[in-house]
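One letter stands for each residue in the lines below.
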Amino acid sequence: MAEKEVVPTAMMDVSDGLSSEILHICKQSNLGAVLYEEKLPIHSDSKLMGMEFGLDPTACALSGGEDYELLFTIKQEDYEKLTLSEEISVIGYMKDLDEGVNIITRGGNIHPITAQGWNAFK
């Protein structure tokens, strides 16, 4: 990102599940967000293993943890600089707080995101 002169506006690791982390960023930024299920970078082996255990891979990505990935936001004007990167997955966008935090499924349904990941302070 440095070579493209892109500086994150918010960032955190995905150690407590994607849903928990996007909600933290939204709360601290006073914004809402939209994530797209089809854009979540879920490895094919993870999908197969989830299905083998009867688990929805998307639910695992949203609520699992210790993924050792970074979730970050950037300025809208920097979007084009990152869209061709194979190392970065654009999974959604930020929006007004009153629009909530939602995921749009592959079928086009919209669901509110709730935090179901690990919380060390509970």
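## Things to note about helix H1 (residues 18-29)
Taking 1.5 Å as the rise per residue, H1 with twelve residues should run 16 Å; its terminal C-alpha atoms sit 16 Å apart, in good agreement. What H1 keeps buried is the set Leu18, Ser19, Ser20, Glu21, Ile22, Ile25 and Cys26. The elements touched by buried residues of H1 are strand E1 (10-13), strand E2 (32-36), helix H3 (57-63), strand E3 (70-73), strand E4 (92-95) and strand E5 (101-104). Directly after H1, the chain includes Asn30, whose backbone phi takes a positive value near 60°.

## With respect to the nonpolar core
Within the largest apolar cluster, 17 residues are counted, with the highest numbers of intra-cluster contacts made by Leu18, Ile22, Leu35, Leu40 and Leu71. Looking at this core, the elements that each hand over two or more residues are H1, E2, H3 and E5. With four residues, H1 is the largest single contributor of residues to this core. Leave out the neighbours within four places in its chain, and Ile22 touches Ala33, Leu35, Leu71, Met94, Val101 and Ile113.

Conventions we followed
- Residues numbered from 1 in each chain as written.
- Predicted model: local features only at pLDDT ≥ 70, side-chain atom pairs only at ≥ 80, totals over all residues.
- Heavy atoms only, no water.
- Helix = DSSP H or I, 4+ residues; strand = E, 2+ residues; numbered from the N terminus.
- Expected span 1.5 Å × (residues − 1).
- Buried < 20%, exposed > 50% of the residue type's maximum accessible area, 1.4 Å probe, protein only.
- Contact = heavy atoms within 4.5 Å.
- Core = buried A, V, L, I, M, F, W, Y, C linked by side-chain atoms within 4.5 Å.

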